[in-house]
Amino acid sequence: MAPAVHAASGAVLQAVAARDAGRAAALAPAGRVHAGYQALLEDPEVEVAYISLSNEAHVPWAIAALRAGKHVLCEKPLALDEATAAQAFAAAEAADRLLVEAFMYRWHPRTRRAEQLVAAGELGSVVSVDSAFCFDDTDLAGASAGNYRLDPDRGGGALYDVGVYPLSVARWAIAGFGDRAGPLALESVSVTSSAGLSPLAPVDLRTDVRLTTPAGQVVDIRAAIAGAREESATITGTEAVLRLDGKPFTTWHSPCDLVIADPAGELRPGIESFGPVDPYQLMVEAVAARVRGEAAFVVPAADSLAIAAVTGLIRAASAAMVC
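What you see as residue numbers is a count from 1 along each chain, following the sequence as written. Local features in this predicted model are restricted to residues of pLDDT 70 or higher, and side-chain atom pairs are both shown and tallied only at a pLDDT of 80 or more, whereas totals for entire chains, interfaces and linings draw on every residue. Calculated side-chain values reflect all of the structure's heavy atoms, with hydrogen atoms and water omitted.

Asker: When you look at the sheet that holds strand β5 (residues 99–101) in this model, what are you seeing that I'm missing?
Answerer: Through backbone hydrogen bonds, the strands of a sheet pair up, either in parallel or in antiparallel fashion. Whether two strands pair comes down to DSSP finding at least two bridges between them. Numbering of helices and strands starts at the N terminus; helices are DSSP runs of H or I of at least 4 residues and strands are runs of E of at least 2. Strand order in the open sheet formed by three strands is β3-β4-β5, with parallel pairing between adjacent strands. Two strands close off the open sheet at either side, each with one partner strand: β3 (48–51) and β5. On average, each strand axis in the sheet is inclined to that of its neighbour by 15°, with strand direction left out of account. As paired strands, strand β4 (residues 71–74) and β5 are joined by three bridges and run parallel to one another. Axes here mean lines fitted to C-alpha atoms, for a helix over just the part in contact, with angles spanning 0 to 180 degrees between N-to-C directions.

Asker: Looking at this structure, how should I read the packing of aromatic side chains?
Answerer: Ring pairs are drawn from Phe, Tyr and Trp, using the six-membered ring of Trp, whenever the two centres fall within 6.5 Å, and their geometry is named by plane angle: stacked under 30 degrees, edge-to-face over 60, tilted for the rest. One pass over the structure, following the stated rule, counts ten aromatic pairs. A ring pair is formed by Phe-103 and Tyr-165, whose centres lie 5.5 Å apart and whose planes are at 85°; its orientation type is edge-to-face. Remark: Tyr-165 occurs in helix α7 (residues 158–173) and Phe-103 occurs in the loop between β5 and α6 (109–119); sequence separation between them is 62 residues. Between buried and exposed lies partly exposed: a residue is buried under 20% and exposed over 50% of the maximum accessible area for its type, with that area taken using a 1.4 Å probe on protein chains only. On the basis of relative accessibility, which here comes to 1%, the residue Phe-103 falls in the buried class. The exposure class assigned to Tyr-165 is buried, which follows from its relative accessible area of 8%. An angle of 65° between the planes, with centres 5.6 Å apart, marks the rings of Trp-107 and Phe-297 as edge-to-face. Taken together, the positions of Trp-107 in the loop between β5 and α6 and Phe-297 in the loop between α8 (279–291) and α9 (301–318) put the pair 190 residues apart, joining distant regions of the chain. An aromatic cluster is built from Phe-103, Tyr-105, Phe-133, Phe-135, Tyr-165 and Phe-249, whose rings are joined through pairwise contacts. By definition here, charges over rings are those cases where NZ of Lys or CZ of Arg is within 6 Å of the ring centre and within 35 degrees of the ring normal. Here Arg-112 stacks its cationic end above the ring of Phe-297, 3.7 Å away from the centre of that ring.

Asker: Sorry if this is basic, but what is going on with the side chain of Asp-43 here?
Answerer: Tracing the sequence through the fold places Asp-43 in the loop between α3 (37–41) and β3. Whether two residues are in contact is decided by their heavy atoms: any pair within 4.5 Å suffices. Setting aside chain neighbours within four positions, we find Asp-43 in contact with Ala-15, Arg-32, His-34 and Lys-70.

Asker: It is not clear to me how the nonpolar core should be interpreted in this structure. Could you clarify?
Answerer: Nonpolar side chains in soluble globular proteins generally cluster together in the buried interior. Buried residues of nine kinds, namely Ala, Val, Leu, Ile, Met, Phe, Trp, Tyr and Cys, make up a nonpolar core once their side-chain atoms join them within 4.5 Å. Of all hydrophobic cores here, the largest spans 58 residues; its most connected members are Val-129, Ile-235 and Leu-242. Leu-40, Ala-62, Leu-78 and Ala-88 belong to the second-largest nonpolar core, a separate cluster that totals 23 residues.

Asker: Explanation requested: the side chain of Ser-54 in the structure shown.
Answerer: Within the secondary structure layout, Ser-54 lies in the loop between β3 and α4 (58–67). Identification of polar contacts relies on pairs of N or O atoms within 3.5 Å, with a donor-acceptor requirement for protein atoms, meaning one able to donate a hydrogen and the other able to accept it, and with residues adjacent in sequence counted only if both atoms are side-chain atoms. At 3.3 Å, the side chain of Ser-54 forms a polar contact with the side chain of Arg-154. Residue contacts for Ser-54: discarding those within four places in its chain leaves Tyr-148 and Arg-154.

Asker: Sorry, what's going on with the environment of Leu-205 here?
Answerer: When you line up the elements, Leu-205 lands in strand β8 (residues 204–212). The sequence separation of Leu-205 and Ala-223 amounts to 18 residues, and the corresponding C-alpha distance is 8.2 Å.

Asker: When you look at the sheet that holds β8 in this model, what are you seeing that I'm missing?
Answerer: As summarised here, the arrangement of the eight strands in space is β7-β8-β9-β6-β10-β11-β12-β13, forming an open sheet in which the pairing is mixed. Of all the strands in the sheet, the pair left with one neighbour each is β7 (185–193) and β13 (272–274). Sheet twist, expressed as the average angle between the axes of neighbouring strands with direction ignored, equals 10°. Pairing between strand β6 (residues 126–134) and strand β9 (residues 218–224): seven bridges, direction parallel. Of the residues in β9, the one forming a bridge with Val-129 is Val-219. Along the sheet, α6 contacts β6, β10 (230–237), β11 (241–244), β12 (256–261) and β13; its crossing angle with β12, the most-contacted strand, is approximately 20°.

This is how it looks when you write it as structure tokens:
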């Protein structure tokens, strides 16, 4: 993020707070290095606070920043449940400040184009979404005592860490997905636990989920923090299939393609290609523009609330399996 802010138009990395002042100074802020987070929130030169702490700390520090008069860009997942997410957005409304969840892939031009095509009905009616974000954190076992990904009290586990990405695809691909999590049917949930790997209470190393909407649309997601790497996003409609080829969530400074095929798999002419960009920089520039009162895309609050609701639904269903 620091290089992205330095490169961004209309933004300055003004101050950094960290437990290690050396780490903070290495990010080369234009202003102060703060030894404590509260000191950063009291810095009058700071307009927007970016929060990249472990998951359980997102909402408490987001609310603290909002109450201090700062706009907030907060890493995903914003919250571990819908009620907590709602508290954060209520604090933003009360403070008249912007709160944005930092799903950086949403600012990538390919993602923006895919959203436009789906919204315009280019695929017909969406029938299904199949998406995955799986990677192998090879340091899990060796650093388990300090790795928040293995601590359930700190929002650890695959679903929170990477499962929210494929869920966010379902959110923008299927109108109203997650608005009322109750009607979503959990057809299947499969969880691989970290029991035996961590001295902490186990979390999900992998979660596979199939959901169906009240309209019969099927959503399959796969999330893992241990195992073979997989990134995919495929949206199937009655008229066409859209794929974000390569790395739909982590494409960074590299070219990528958006592919549309007919339902039988025959590629349509005119694959759309996108040049190298830094979606982090685009995210920073968009948030800065909104703070200045300009029109710019940011992840809607409704999307963040819906994803929090669906993750809560999945967690409730899978809790007994993680043991």
